[in-house]
Amino acid sequence: MDNSAVYVRERGNLRRVGDIVLAQPKPASSCRRTNPFVLRREHFVFTYNEEGSLRYTSKSLFDITLLFVADNIHHVDSLVGFPDQIGDRLFVAAEENRVFLNPDISPKALKLFSDAYGEMVLRSLCLRNRFPLLHERMDEIKTFHSLKSLDLFGCKLGDDHELFQHLTSTSLANSLVQLFIGGNSLSDAGLQRLTAPIRMMRRGLDCLQVLDVSYNPLSERALRYVTCLPKLVKLDASGTNMKINTGLKTAMWNVLGLIYSEKPLDAFDHSGCKTEGWAEQVVNQWETNGSQMPKQKKMEESRTAALRFFGRQKFVRDVLNAAPLNGENVEVSSREKLHFYRPATNSHVTERQISSATNHQVKSPCNNVKKRKQEPGTCSASQKSPPIKRSPSSSLTAEDIDLLNSY
């Protein structure tokens with residue numbers, strides 16, 4: 001029989017299974033090791049006895065089978081139904097064999113694990129200021145469809161990036177809770193394009209609660225594009241073209257039902273943002289392996305660096321617009337934080353009672369009104385209940401229709 005083919009006996013007949021070719025044995029110096037039927041060295045555990053003599057014991061059948069499946073993970077159809085413990089050990093074995101560094105196998109292998117084990121593979125992904133890693137591993141990153149937190153700050157997405165379709169896809173609709181897309185040169189048109197599938201088809205980002213669009217050239221006009229997020233409770237608009245004033249506070253309240261936070265919110269300090277899950281080390285391997293770039297790619301980056309050098313003024317201006325201020329201006333930047341949040345009065349009765357207890361010192365006629373039938377300006381923003389968001393159908397403009405026709 002062909003040593004690289006797979007044969008299956010069914011009902012007394014021996015047949016070959018498709019064109020599946022198993023992974024070749026690892027090369028060894030001995031001629032006998034070229035025979036695939038000879039047990040390989042990794043099938044044994046070498047130890048020393050009390051007398052100091054070398055001895056070996058064979059690995060368990062489970063460990064040998066696990067190694068075999070890890071070597072041929074790209075031939076596995078599905079892992080759905082296998083226990084989490086087996087999936088974890090199989091993932092580790094595939095990681096040790098550097099399977100996820102192979103761009104031809106890695107996307108299929110990661111999708112195989114993500115479909116079976118969801119957020120255990122990766123529940124949080126932090127790519128903050130790691131745009132080379134994002135662009136090199138785009139296919140693999142799209143396989144993580146159970147992310148709860150995704151940090152893409154400073155990844156140079158621009159207004160029309162292919163990742164936008166993944167962010168608004170149904171695969172992330174029921175899982176993504178926190179999204180950080182600050183420092184990406186995202187304009188009003190880019191935010192309009194990002195949210196177009198949600199506003200027009202009413203799907204995507206259904207569970208998003210925290211959104212960071214800081215340090216992007218956004219104006220107050222972009223607020224209407226965020227009304228399609230039904231569960232949004234915290235928004236970071238620091239470093240944008242918006243300036244804190246009465247008009248912005250009123251617009252933020254009327255459009256999104258959010259009020260200005262005098263103190264910076266902990267959700268946007270990024271201290272707890274990190275990559276978590278089985279694939280944490282895989283992401284680190286990608287970044288380490290990315291330093292070993294092909295020669296042609298290094299030449300292209302050298303040309304880019306030269307252009308940046310001769311256009312230094314524009315480059316510095318772009319960097320300052322894409323990232324928070326550092327050094328001497330940190331204190332100024334901290335004072336200009338534009339953090340908005342939904343007041344607790346929009347939650348259930350218990351939270352409403354707690355909120356009323358904390359605000360008992362501020363008395364106003366609207367405190368005795370049970371149903372919200374108020375005119376604008378009768379109460380402070382901290383005592384109001386957020387207005388009902390406009391339906392997605394009413395937020396469509398002529399620009400949205402033109403954008404829809406362009407798809």
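## Regarding the overall build of the protein chain
Reasoning step 1: Regarding its fold elements, the protein chain presents 15 helices and eleven strands.
Reasoning step 2: For the protein chain, buried positions account for 38% of its 407 residues.
Reasoning step 3: Relative to all contacts within the protein chain whose residues are 6 or more apart in sequence, the contacts with residues 24 or more apart total 73%.
Reasoning step 4: Total accessible area on the protein chain is roughly 24,200 Å²; 53% of this is exposed by carbon and sulfur atoms.

## Some remarks on unusual backbone geometry
Most peptide bonds adopt trans geometry, and most residues besides glycine take a negative phi value.
Reasoning step 1: Although it is not a glycine, S185 adopts a positive phi angle of roughly 55 degrees.
Reasoning step 2: Position of S185 among the secondary structure elements: in the loop between strand 7 (178–180) and helix 8 (188–201).
Reasoning step 3: Look at S185 and you get partly exposed, because its relative accessible area is 44%.
Reasoning step 4: In this model, Y215 sits at a positive phi of 55 degrees, which is unusual for a non-glycine residue.
Reasoning step 5: Tracing the backbone through its elements, the reader meets Y215 in the loop between strand 8 (210–212) and strand 9 (234–236).

## Considerations on empty space enclosed by the protein
Reasoning step 1: Scanning the model with the defined rule gives two cavities of 30 Å³ or more in all.
Reasoning step 2: Estimated volume of the largest cavity: approximately 70 Å³.
Reasoning step 3: If you trace the largest cavity, you find it lined by L179, I181, L191, L194, T195, L205, L208, L211, V226 and L229.
Reasoning step 4: Considering only residue class, the lining of the largest cavity consists of nine nonpolar, one polar and no charged.
Reasoning step 5: By volume, the second largest cavity amounts to about 50 Å³.
Reasoning step 6: Around the second largest cavity, the lining residues are L191, L211, V213, L218, A222, L223, V226, L235 and M242.
Reasoning step 7: Looking at side-chain class alone, the lining of the second largest cavity contains nine nonpolar, no polar and no charged residues.

## What about the pattern of salt bridges?
Reasoning step 1: Per the counting criterion, the structure on display carries eight salt bridges.
Reasoning step 2: A salt bridge links R130 to E287; the shortest N-O distance between them is 2.6 Å. Of this pair, R130 sits in the loop between strand 5 (124–126) and helix 4 (131–136) while E287 sits in helix 10 (residues 280–290); the two residues are 157 residues apart in sequence, bridging distant segments of the chain.
Reasoning step 3: You can call R130 buried: its relative accessible area is 17%.
Reasoning step 4: Assessed through its relative accessible area of 40%, E287 is described here as partly exposed.
Reasoning step 5: Close ionic contact of E276 with K274 constitutes a salt bridge, the shortest N to O distance being 3.7 Å.

## Observations regarding helix 3 (residues 106–117)
Each turn of an α-helix holds 3.6 residues, which means side chains three or four residues apart point in the same direction.
Reasoning step 1: The first and last C-alpha atoms of helix 3 sit 16 Å apart over twelve residues, in line with the 16 Å expected at 1.5 Å per residue.
Reasoning step 2: Taken together, the buried positions of helix 3 are S106, P107, A109, L110, L112, F113, S114 and Y117.
Reasoning step 3: Phi turns positive, to about 55 degrees, at G118, one or two residues after helix 3.

## Thoughts on the sheet that holds strand 7
Reasoning step 1: Spatially, seven strands are ordered 5-6-7-8-9-11-10 in an open sheet, and the strand pairing comes out mixed. The open sheet has two edge strands, strand 5 and strand 10 (259–260), and neither has a second partner.
Reasoning step 2: By the bridge criterion, three bridges tie strand 7 to strand 8 in an arrangement that is parallel. Looking across to strand 8, one finds that F180 is bridged to D212.

## Description of the packing of helix 1 (residues 61–71) against helix 2 (residues 84–96)
Reasoning step 1: Direction vectors running N to C along helix 1 and helix 2 enclose 60 degrees, while the axes themselves pass 9 Å from each other. Taken together, the axis directions place helix 1 and helix 2 in an arrangement best described as oblique. As for how helix 1 packs across helix 2, the hand of that crossing is right-handed. Mapping the contact onto sequence places F62, D63, L66, V69 and A70 in helix 1 and I86, R89, L90, A93 and A94 in helix 2.

## Looking at the nonpolar core
Reasoning step 1: Residues L152 and L211 are the most contacted members of the largest nonpolar core, which totals 71 residues.
Reasoning step 2: When residues in this core are grouped by element, the largest group, five residues, is from helix 3.
Reasoning step 3: Setting aside its immediate chain neighbours within four residues, L211 contacts L179, I181, V226, L229, L232, K234, L235, D236 and F268.
Reasoning step 4: Membership of the second largest hydrophobic core comes to five residues, among which are F180, V210, L265 and F268.

## Points about helix 8
Reasoning step 1: Counted at 1.5 Å a residue, the expected span for helix 8 with its 14 residues is 20 Å, and the 20 Å between its end C-alpha atoms agrees.
Reasoning step 2: At T195, helix 8 shows its largest bend, some 50 degrees, and a proline, P197, comes one to four positions later.
Reasoning step 3: Among the 14 residues that make up helix 8, eleven are buried, leaving the element largely enclosed by the rest of the structure.
Reasoning step 4: Of all the positions in helix 8, only D188, G190, L191, Q192, L194, T195, A196, P197, I198, R199 and M200 are classed as buried.
Reasoning step 5: Phi turns positive, to about 55 degrees, at R202, one or two residues after helix 8.

## What to know about the packing of aromatic side chains
Two measures describe an aromatic ring pair: the distance that separates the ring centres and the angle between the ring planes.
Reasoning step 1: For the coordinates displayed, the defined rule picks out seven aromatic pairs.
Reasoning step 2: Their ring planes at 85 degrees and their centres at 5.0 Å tell us that F91 and F113 sit as a pair that is edge-to-face. On the criterion of sequence distance, the pair formed by F91 in helix 2 and F113 in helix 3 is long-range, its members being 22 residues apart. For the pair F91 and F113, a shared accessibility class is recorded, and that class is buried.
Reasoning step 3: Put simply, the rings of F91, F100, F113, Y117 and W278 touch in pairs and so form one group of aromatic residues.

What counts as what
- Residues numbered from 1 in each chain as written.
- Predicted model: local features only at pLDDT ≥ 70, side-chain atom pairs only at ≥ 80, totals over all residues.
- Heavy atoms only, no water.
- Helix = DSSP H or I, 4+ residues; strand = E, 2+ residues; numbered from the N terminus.
- Buried < 20%, exposed > 50% of the residue type's maximum accessible area, 1.4 Å probe, protein only.
- Contact = heavy atoms within 4.5 Å.
- Areas by Shrake-Rupley, 256 points an atom, 1.4 Å probe, with all protein chains shown as cover.
- 1 Å grid on protein atoms, 1.4 Å probe; cavity = no way out; pocket = protein on both sides within 12 Å on 5 of 7 lines; lining within 4 Å.
- Points joined across faces, edges and corners; volume = space filled by probe spheres on them.
- Nonpolar A, V, L, I, M, F, W, Y, C, P; charged D, E, K, R; others polar.
- Salt bridge = Lys/Arg side-chain N within 4 Å of Asp/Glu carboxyl O.
- Expected span 1.5 Å × (residues − 1).
- Pairing = 2+ DSSP bridges.
- Axes fitted to C-alpha atoms, helices over the stretch in contact; angles between N-to-C directions.
- Parallel < 35°, antiparallel > 145°, perpendicular 65-115°, else oblique.
- Left-handed = near helix turned anticlockwise from the far one by under 90°.
- Core = buried A, V, L, I, M, F, W, Y, C linked by side-chain atoms within 4.5 Å.
- Bend = angle between axes of the 7 residues up to and from the residue.
- Phe/Tyr/Trp six-rings, centres within 6.5 Å; stacked < 30°, edge-to-face > 60°.

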